[in-house]
Amino acid sequence: NAVLTTSAKADAGMIELTGLPDVGSSETYSVWLIEASTDRPTLLANVVPGEEPAQEGFNGVEKIASVMVSLEPADGSSTAPSSAPLAVLDLPEPK
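About the cut-offs
- Residues numbered from 1 in each chain as written.
- Predicted model: local features only at pLDDT ≥ 70, side-chain atom pairs only at ≥ 80, totals over all residues.
- Heavy atoms only, no water.
- Pairing = 2+ DSSP bridges.
- Helix = DSSP H or I, 4+ residues; strand = E, 2+ residues; numbered from the N terminus.
- Axes fitted to C-alpha atoms, helices over the stretch in contact; angles between N-to-C directions.
- Buried < 20%, exposed > 50% of the residue type's maximum accessible area, 1.4 Å probe, protein only.
- Core = buried A, V, L, I, M, F, W, Y, C linked by side-chain atoms within 4.5 Å.
- Contact = heavy atoms within 4.5 Å.

Engineer: Teacher, can you tell me more about the sheet that holds strand S2 (residues 12–17) here?
Structural biologist: Strands belonging to one sheet form pairs held by backbone hydrogen bonds; the direction of such a pair is parallel or antiparallel. Read across the sheet, three strands follow the order S1-S2-S5 without closing on themselves; strand pairing throughout is antiparallel. At either end of the open sheet lies a strand with only one pairing partner, and these are strand S1 (2–7) and strand S5 (54–59). When the angles between neighbouring strand axes are averaged without regard to direction, this sheet yields 15°. Relative to S5, S2 runs antiparallel, the two sharing six bridges. The residue bridging Leu17 from the neighbouring strand is Ala54, located in S5.

If you want it as C-alpha cells, here you go:
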C-alpha cells in the first residue's frame, strides 16, 4: 500500500509504504520523485521490506509531478528506474 500526503502551504509531502512483500536481498524498493517540468526521476529513498511503515518526506511539491515506486537492484546502482513502476502517485495540481 502507498499513501501520499502533501501540503502546498508547507511545500512538502510524505509517502508511506506498508505491506511490501519480501523481495530477497538482491532487490529493494526505490522511491522516486518525478520532476514536473522534465519528467526526470530523482531517487528519494530505498526502502527495505519489513521496516514498516516506511515513511519518506520531501520538499518542493510545486516542482514534482508524481512519486513512483519501483523494484531496483539492492546494490544501489540505479540512477534511474530500471523496471516498470509498481506504483505511481500523482501530486495534486497547484491551485
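Engineer: Would you take a moment to explain unusual backbone geometry for this structure?
Structural biologist: Trans is the common state for peptide bonds, and a negative phi is the common state for residues other than glycine. The backbone of Asp11 sits at a positive phi, close to 55°, despite the residue not being glycine. Tracing the sequence through the fold places Asp11 in the loop between S1 and S2. Its identity as a non-glycine residue notwithstanding, Asp39 has a phi of 60°, on the positive side. Along the chain, Asp39 falls in the loop between strand S3 (27–35) and strand S4 (41–47). Accessibility expressed as a relative area gives 57% for Asp39, which makes it exposed.

Engineer: Explanation requested: the sheet that holds strand S7 (residues 87–90) in the structure shown.
Structural biologist: Reading across the sheet, the four strands line up as S4-S3-S6-S7 and stay open at both edges, with antiparallel pairing between neighbours. Both outer strands of the open sheet, S4 and S7, are each paired with one neighbouring strand and no more. Between one strand axis and the next, the sheet turns through 20° on average, direction left out of account. In this structure, S3 lies alongside S4, joined through six bridges in antiparallel fashion. Bridge pairing links Tyr29 to Val47 in S4.

Engineer: Teacher, can you tell me more about the nonpolar core here?
Structural biologist: Counting residues in hydrophobic clusters, the biggest one holds 17 residues, and the most contacted among them are Ile15, Leu17, Phe58 and Val67. Within the residue set of this core, elements represented by two or more residues are S2, S3, S5 and strand S6 (64–73). Those residues in contact with Val67 that lie beyond four places of it in its chain are Leu4, Ile15, Val31, Trp32, Leu33, Phe58, Ala87, Val88, Leu89 and Leu91.

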